[in-house]
Amino acid sequence: MISIKNVSKWYGNFQVLTDCTTEVKKGDVVVVCGPSGSGKSTLIKCVNALEPFQKGDIVVDGTSIADPSTNLPKIRSRVGMVFQHFELFPHLTITRNLALAQEKVLGRSKDEAMTKGLALLERVGLKDHAHKFPGQLSGGQQQRVAIARALAMDPIVMLFDEPTSALDPEMVNEVLDVMVELAQEGMTMMCVTHEMGFARKVAHRVIFMDKGHIVEDCAKEEFFGDL
Ligand code: ADP
Ligand code: ADP
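Being a predicted model, the structure only gives us computed values, none of them experimental. For every chain, the first residue of the written sequence is number 1, and numbering continues from 1 onward in sequence order. All chains are assigned letters beginning with A, and all ligands numbers beginning with 1, in the order in which they are written. Under the rules for a predicted model, residues below a pLDDT of 70 receive no local features and side-chain atom pairs below 80 are neither given nor counted, while totals for whole chains, interfaces and linings still include all residues. Side-chain measures were taken over the full set of non-hydrogen atoms in the model, leaving aside hydrogen atoms and water.

(A) Spatial organisation of unusual backbone geometry. If you check the backbone angles, Asp19 has positive phi at about 50° while not being a glycine. Helix and strand definitions follow DSSP, with helices as H or I runs of at least four residues and strands as E runs of at least two, each counted in order from the N terminus. Here Asp19 shows up in strand E2 (residues 14-24).

(B) Region of interest: the side chain of Thr42. Looking at the secondary structure, you find Thr42 in helix H1 (residues 40-47). Exposure is judged per residue with a 1.4 Å probe applied to protein chains only, and the accessible area is read against the type maximum: over 50% gives exposed, under 20% gives buried, and values in between give partly exposed. Classification of Thr42 by relative accessible area gives buried; the value is 10%. Ignoring sequence-local partners within four residues, the contact set of Thr42 consists of Lys9, Tyr11, Val16 and Leu17. In what follows, residue pairs with any heavy atoms lying within 4.5 Å of each other are defined as contacts.

(C) Geometry of the site of ligand 2. Taken together, Ser41, Lys45, Gln84 and Asp161 are the residues near ligand 2. The term polar contact refers here to a pair of N or O atoms within 3.5 Å; inside protein, the definition further demands a hydrogen-donor-capable atom paired with an acceptor-capable atom, and it admits residues adjacent in sequence only when both atoms are side-chain atoms. A distance of 3.0 Å is found between an oxygen atom of ligand 2 and a side-chain nitrogen or oxygen belonging to Ser41. Lys45 is positioned such that a nitrogen or oxygen atom in its side chain is 2.9 Å from an oxygen atom of ligand 2. Note on areas: Shrake-Rupley, 1.4 Å probe, and residue coverage restricted to the protein chains presented here. Expressed as a share of its isolated accessible area of 540 Å², the protein-covered part of ligand 2 is 24%. In the scheme used here, Gly and all other residues not listed as nonpolar or charged are polar, with Ala, Val, Leu, Ile, Met, Phe, Trp, Tyr, Cys and Pro taken as nonpolar and Asp, Glu, Lys and Arg as charged. Looking at side-chain class alone, the shell around ligand 2 contains no nonpolar, two polar and two charged residues. Residues are labelled near a given molecule or strand when at least one of their non-hydrogen atoms is within 4 Å of it.

See the structure below:
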């Protein structure tokens, strides 16, 4: 599904990623952890082609990101991404937040996009909030909307970049619960998170990064020493 091959990236003279190689197979749940500044966020942004890299390649569902002829917006539309900060459009209702990209990017009709959006809103437990604006929801609720919005695009893989780090502690679990459910349904996921409880529960593999290197990439049981 995702093949990261010898990826290196620099910001000016600073090397943020060094020769990173790993694979994520269909249905895999991979947790990426490591110290702050080790390149975790940058690595998953490269998978979504949100950040360019100078060496190596990433192949998403058979399409090479490094190939200059690749249509990057098309790849992005198949890869769901959830950030630390929810990045909902503050001036749009939850319903419009859910429908917009479906209409603009996938060409769905207003009705179709709204029906899909509402079904996903129900799934994340927020059906009654459809007509509100993001600012009227709690952080945990906004993050669940962000997950629903990504799912509305029928992604082949979901990327999470510290989705619970900006939340008040009492809201962390409501977001993790949605992620656990997705994982158990077989969604392919790559999650940057410090939530080791989540990793223990649903990860298949854990990648540990340090100073831009993937220093460990192993089965969950091996990572946690449960073997
Ligand atoms: P992590 O997600 O592991 O905390 P990041 O991928 O966010 O790490 O960042 C890795 C390193 O790259 C950090 O030292 C960070 O300051 C640096 N960095 C991130 N984005 C940029 C940027 N746009 N320009 C320069 N340096 C950056
Ligand atoms: P995240 O971990 O979600 O990427 P950060 O706080 O690390 O959040 O970064 C926020 C933004 O600032 C990102 O777009 C990142 O690329 C940029 N950034 C981070 N570190 C640096 C840096 N040292 N120089 C320039 N931009 C940076």
